[in-house]
Amino acid sequence: MVIDGIEIEVQKKNIKNLHLYVKPPDARVLITCPKRLSNKELERFVSKHYDWLVTKRAEVLSRAENAPKRCKYQTGDSFILWGKEFKILRQGAKRFSLEISDSTAYLFYPDSMSAEKLEAHIKEFYRAELKRKIDILLPLWENKTGLHCSSYQTKDMKTRWGTCNTKTKKLWFSLRLATRDESELNYVILHELVHTAVPNHSADFKALLFKYMPNYREIEIKMKR
């Protein structure tokens, strides 16, 4: 029922007294009351406690908004690596570690670790995985194309998969690539290598992409999903 603009759940029971609750986290209002109580009596009760009810709901909503967010790396959550989904099995430990086996990501970290610190460890795990792959694939593409970069680095980029400084020929790769299929990493490596020769996305650039990766358009579409 709605009383004074507030939606209220009413539970009538074999009890003698009225009880008013504001339930976290969404400030749901609940009244338990004797079965014999009429709606008019309920309305009078709510009106009498209206100011308290409004204040209490605001407090509950404020606490919920400012409460620490649940860490997303818990048992049963998904962990993505190289386009594959692994179910997390989390255990307490003195220090962080992450091991991938079959379909499971075995995640260890202390209960006291903050979400920010845990996220930093996860990023470093992705960085190590990404560098391991790039160290294998980049030389292969350099040998295949005859194009060479001066160096490369990984970076937590949100809007780009990679970038190339066409003057210094230094390449940058997004940490997010560690969550994608390896074919997409190959595409980004080739894409940025071609930029060392062609700084724009002209017909010459696309021709070189097609020469070394005829299905590059399919991968581009896949990476936009």
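Think of each chain on its own: its residues are numbered from 1, step by step along the sequence as written. For a predicted model such as this one, the threshold for reporting local features is a pLDDT of at least 70, and the threshold for listing and counting side-chain atom pairs is 80 or more; totals across whole chains, interfaces and linings nevertheless cover every residue. Water and hydrogen atoms play no part in the side-chain values, which are based on all heavy atoms of the structure.

## With respect to the pairing of strand β5 (residues 78–81)
Every regular strand shows the same layout, with side chains that alternate between the two sheet faces.
Here is step 1: The alternating pattern of β5 places Phe-79 and Leu-81 on a buried face and Ser-78 and Ile-80 on a face that is not buried.
Here is step 2: Between β5 and strand β6 (residues 84–91), which pair antiparallel in sequence order, lie two residues; one of them, Trp-82, sits at a positive phi of approximately 50 degrees. Here the term buried applies to any residue with accessible area under 20% of the maximum for its type, exposed to any over 50%, and partly exposed to those in between, with areas from a 1.4 Å probe on protein chains only. Secondary structure elements follow DSSP: runs of H or I of four or more residues count as helices, runs of E of two or more count as strands, with numbering from the N terminus. Strands pair, by our definition, only if DSSP identifies at least two bridges between them.

## What to know about the environment of Trp-52
Here is step 1: Inspection of the secondary structure assignment puts Trp-52 in helix α2 (residues 50–66).
Here is step 2: Between the C-alpha atoms of Trp-52 and Tyr-216, which are 164 residues apart in sequence, the distance is 63 Å.
Here is step 3: The criterion used for residue contact is that any of the two residues' heavy atoms lie within 4.5 Å. Those residues in contact with Trp-52 that lie beyond four places of it in its chain are Leu-20 and Val-22.

## Some words on the packing of aromatic side chains
Working definition: an aromatic ring pair is given by the centre-to-centre distance plus the angle between the planes.
Here is step 1: Pairing of aromatic rings covers Phe, Tyr and Trp, the last through its six-membered ring, and needs centres within 6.5 Å; plane angles under 30 degrees mean stacked, over 60 mean edge-to-face, and all others mean tilted. For the structure on display, the rule yields four aromatic pairs.
Here is step 2: A centroid spacing of 5.3 Å and a plane angle of 5 degrees characterise the contact between Phe-79 and Tyr-126, whose relative ring orientation is stacked. Pair noted here: Phe-79 is in strand β5 and Tyr-126 is in helix α3 (residues 115–145), with a separation of 47 residues, a long-range link. Tyr-126 matches Phe-79 in its accessibility class, with the two residues each being buried.
Here is step 3: With centroids separated by 6.0 Å and ring planes inclined at 70 degrees, the aromatic side chains of Tyr-152 and Phe-173 adopt a geometry described as edge-to-face. Of this pair, Tyr-152 sits in strand β9 (residues 151–155) while Phe-173 sits in strand β11 (residues 170–174), and the two are 21 residues apart along the sequence. Note on accessibility: Tyr-152 and Phe-173 belong to one class, buried.
Here is step 4: The rings of Phe-79, Phe-125 and Tyr-126 are connected pair by pair, giving a single aromatic cluster.
Here is step 5: Geometry around Tyr-109 places Arg-90 over its ring, the cationic atom sitting 4.0 Å from the centre.
Here is step 6: Only lysine NZ and arginine CZ atoms are considered, and such an atom sits over a ring when it is within 6 Å of the ring centre and within 35 degrees of the ring normal. The ring of Trp-82 carries the charged tip of Lys-133 above its face, separated from the ring centre by 5.3 Å.

## Here we look at the sheet that holds strand β4 (residues 28–34)
Here is step 1: As summarised here, the arrangement of the four strands in space is β1-β2-β4-β3, forming an open sheet in which the pairing is mixed. Each edge of the open sheet carries a strand with a single partner, namely β1 (2–3) and β3 (19–23).
Here is step 2: The pairing of β3 with β4 spans five bridges and is classified as antiparallel. What sits directly across from His-19, in β4, is Thr-32.
Here is step 3: Against the sheet, helix α1 (residues 39–48) contacts β1, β2 (6–13), β3 and β4, and its axis sits at roughly 130 degrees relative to β4.
Here is step 4: In this description, a line fitted to the C-alpha atoms serves as the axis of each element, helices being fitted only across the stretch in contact, and the angle between N-to-C directions of two axes falls anywhere from 0 to 180 degrees. Against the sheet, α2 contacts β2, β3 and β4, and its axis sits at roughly 25 degrees relative to β3.

## Points about α3
Here is step 1: For a helix, the expected span equals 1.5 Å multiplied by the residue count minus one. Its 31 residues place the ends of α3 43 Å apart at the C-alpha level, agreeing with the 45 Å of an ideal helix rising 1.5 Å per residue.
Here is step 2: In α3, a bend of some 30 degrees at Ile-134 exceeds every other bend along the element.
Here is step 3: Looking at the residues trailing α3, positive phi occurs at Gly-146, about 75 degrees. Throughout, the bend at a residue refers to the angle made by two axes, fitted to the seven residues ending there and to the seven starting there.

## Topic: the packing of helix α4 (residues 182–195) against helix α6 (residues 216–223)
Here is step 1: Running from amino to carboxyl end, α4 crosses α6 at an angle of 110 degrees, the nearest separation of the two axes being 10 Å. Here α6 runs roughly perpendicular to α4, going by the angle between their axes. Handedness of the α4/α6 crossing: left-handed. Each of Ser-183, Glu-184, Tyr-187 and Val-188 in α4 lies in contact with α6, whose residues at this interface are Tyr-216, Ile-219, Glu-220, Lys-222 and Met-223.
Here is step 2: Class assignment of the residues belonging to the contact of α4 with α6 gives a composition of five nonpolar, one polar and three charged. An angle counts as roughly parallel when it lies under 35 degrees, as roughly antiparallel when it exceeds 145, as roughly perpendicular when it falls between 65 and 115, and as oblique in every other case. In a left-handed crossing the near helix is turned counterclockwise from the far helix by less than a right angle, and in a right-handed crossing that turn is clockwise. Any residue outside Ala, Val, Leu, Ile, Met, Phe, Trp, Tyr, Cys, Pro, Asp, Glu, Lys and Arg is labelled polar, Gly included; the first ten of those are nonpolar and the last four are charged.

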